[in-house]
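# Structural overview for review
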Amino acid sequence: MGKTEISLSSWAFTGEGVTESRRVLGDLKGVFADEAARAAMDQDQVVYEVQMHAAVPEGTPGGLFLGVSCLRPGDVAGEYFMTKGHFHARRETAEYYWGVAGEGALILMDENGDCRWEKVFPGSVHYIPGNVAHRLANTGTETLRVGACWPSDAGHDYATIAASGFTKRLFKGPNGPELR
Ligand code: S6P
Ligand code: ZN
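In this report, the structure presented in the accompanying data block is examined. (Residues numbered from 1 in each chain as written. Chains lettered and ligands numbered in written order. Predicted model: local features only at pLDDT ≥ 70, side-chain atom pairs only at ≥ 80, totals over all residues. Heavy atoms only, no water.)

### A look at the sheet that holds strand β9 (residues 104-110)
For clarity, the threshold we go by: Two strands pair if DSSP finds at least two bridges between them. A helix here means a DSSP run of H or I that spans at least four residues, while a strand means a run of E at least two residues long, and both kinds are numbered starting from the N terminus. For helices, the fitted line uses only the C-alpha atoms of the stretch in contact; every axis is such a line through C-alpha atoms, and the angle between N-to-C directions lies from 0 to 180 degrees.
The three strands lie next to each other as β10-β9-β12, forming an open sheet whose pairing is antiparallel. Of all strands in the sheet, those with a lone pairing partner are β10 (115-120) and β12 (132-138), marking the two edges. On average, each strand axis in the sheet is tilted by 25° relative to the strand beside it, whichever way the strands run. Summarising the sheet, β9 and β10 pair through six bridges and their orientation is antiparallel. For G104, the partnering residue across the bridge sits in β10 and is V120.

What follows is the structure, encoded as structure tokens:
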């Protein structure tokens, strides 16, 4: 593996083994409570980008991946811009997140459907245990940047969330974010 570097201020990756993916509003059909409002917005608007460094192929037992999620500010009818969210395909695998820039929320849901959220800010550290679905929301006015480290054999189960969602959603309230 050749040279890979991260910016210590933004956690942007450069160099070998770095891949990038992007989700626009058009990729997020059915993700927000108000689907008609989402469908009426600019479908090419970027909601989030993920950069990751993969030193081993996806699925390799015992390896690790390192990434950064960059989530733009915005909302769909008062529901903050957020990631799709997922359980890991290997449910028992955990993950670390840490806040790099911006203000946000890490929304967590266990397999009983119990939801809670943790405030994400520069320097915040979040341990996501196994068997817990996770998604990020941007509750601020600038891009939320969050570092992540997870097992290379964790995989992603998006289907469970696509089918039944999270039991609660994070909306802009008069006094800040409200989980409803
Ligand atoms: C991977 C890790 C993150 C997310 C990213 C995008 O296990 O949790 O890198 O992939 O925040 O979210 P999502 O739900 O679209 O994969
Ligand atoms: Zn994950």
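Once the structure has been displayed, the description carries forward.
### Things to note about the coordination of the zinc ion (ligand 2)
Cut-off, in case you're wondering: For Na, K and Ca the donor cut-off is 3.2 Å; for every other metal, N, O and S atoms count as donors within 2.8 Å. Water does not enter the count, which can leave sites looking incomplete. Three labels apply to residues, based on accessible area from a 1.4 Å probe with only protein chains included: buried if under 20% of the type maximum, exposed if over 50%, partly exposed otherwise in between.
Distances from the zinc ion (ligand 2) to its protein donors, namely H86 (NE2), H88 (NE2), E95 (OE) and H134 (NE2), fall within the range 2.1 to 2.3 Å. Read N to C, the donor residues that coordinate the zinc ion (ligand 2) are spaced as H-x1-H-x6-E-x38-H. We classify H88 as buried; its relative accessible area is 3%.

### Section: the pattern of salt bridges
Side-chain pairs of opposite charge can arise whenever the charged atoms involved come near each other. What counts here: Salt bridges are defined as contacts in which a side-chain nitrogen from Lys or Arg sits within 4 Å of a carboxyl oxygen from Asp or Glu.
Summed over the entire model, instances satisfying the criterion amount to twelve salt bridges. Here E92 makes a salt bridge to R90, at a shortest N to O gap of 2.7 Å. Given the relative accessible area of 46%, E92 is considered partly exposed. For R90, a relative accessible area of 38% corresponds to the partly exposed category. R116 is the salt-bridge partner of E118, the closest N and O atoms lying 2.8 Å from each other. Each of R22, E49 and R72 takes part in salt bridges that share partners, so that together they form one network.

### Focus: the sheet that holds strand β4 (residues 46-54)
In spatial order, the strands read β3-β4-β5-β13-β8-β11; together these six strands make up an open sheet with antiparallel pairing. Edge positions in the open sheet fall to β3 (18-24) and β11 (125-128), since each of these has one partner strand only. Mean inter-strand twist for the sheet, computed between neighbouring axes without regard to direction, equals 20°. Both β3 and β4 contribute to a ladder of seven bridges, which runs antiparallel.

### Thoughts on the site of ligand 1
The line we're drawing: What makes a residue near a molecule or strand is one non-hydrogen atom of that residue sitting within 4 Å of it. We call two N or O atoms a polar contact when they sit within 3.5 Å, provided that within protein one can donate a hydrogen and the other can accept it, with sequence-adjacent residues counted only if both atoms are side-chain atoms. The method behind every accessible area is Shrake-Rupley, applied with a 1.4 Å probe, and residues are considered shielded solely by the protein chains displayed. Amino acid classes used here: Ala, Val, Leu, Ile, Met, Phe, Trp, Tyr, Cys and Pro are nonpolar; Asp, Glu, Lys and Arg are charged; the rest, including Gly, are polar.
Residues in close proximity to ligand 1 total 14 residues, the closest being Y48, S69, E95, Y97 and Y158. With respect to ligand 1, the side chain of Y158 contributes an N or O atom lying 2.5 Å from an oxygen atom. Expressed as a share of its isolated accessible area of 400 Å², the protein-covered part of ligand 1 is 96%. Mapped onto the shell around ligand 1, the elements with two or more residues apiece are β4 and β8 (95-101). Considered class by class, the residues forming the shell around ligand 1 number five nonpolar, seven polar and two charged.

### What about the pairing of strand β13 (residues 144-151)?
Within β13, seven of the eight residues are buried, which leaves the element mostly enclosed by the surrounding structure. Alignment of strand β5 (residues 64-71) against β13, held across eight bridges, turns out to be antiparallel. Residue pairing in the sheet places F65 in a bridge with W150 of β13. Pairing of β8 with β13 involves five bridges; the strand directions are antiparallel. What sits directly across from Y97, in β13, is A148.

### Points about the state of the cysteines
What counts, and what does not: Two cysteine sulfur atoms form a disulfide, by the criterion used here, when they sit within 2.5 Å.
Evaluated as defined, the whole model comprises zero disulfides. There is no disulfide at C149, and the cysteine sulfur nearest it, in C70, is 16 Å away.

### A look at the packing of aromatic side chains
Using the following cut-off: Under the pairing criterion, centres of Phe, Tyr and Trp rings, with the six-membered ring standing for Trp, must be within 6.5 Å; the plane angle then separates stacked pairs below 30 degrees from edge-to-face pairs above 60, leaving the rest tilted. The rule is short: NZ of Lys or CZ of Arg within 6 Å of the ring centre and within 35 degrees of the ring normal puts a charge over the ring.
Following the criterion strictly, the structure yields five aromatic pairs and no others. Between W11 and F13, the ring centres sit 6.1 Å apart and the planes meet at 75°, which makes this aromatic pair edge-to-face. Take W11 and F13: they sit in the same class, and that class is buried. Consider the rings of Y96 and Y127, whose centres lie 5.2 Å apart with planes at 65°: the pair is edge-to-face. One end of the pair, Y96, is in strand β8; the other, Y127, is in strand β11, with 31 residues separating them in the sequence. Assessed through its relative accessible area of 45%, Y127 is described here as partly exposed. The lysine or arginine in question, K84, covers the ring of Y158, its NZ or CZ lying 5.0 Å from the ring centre.

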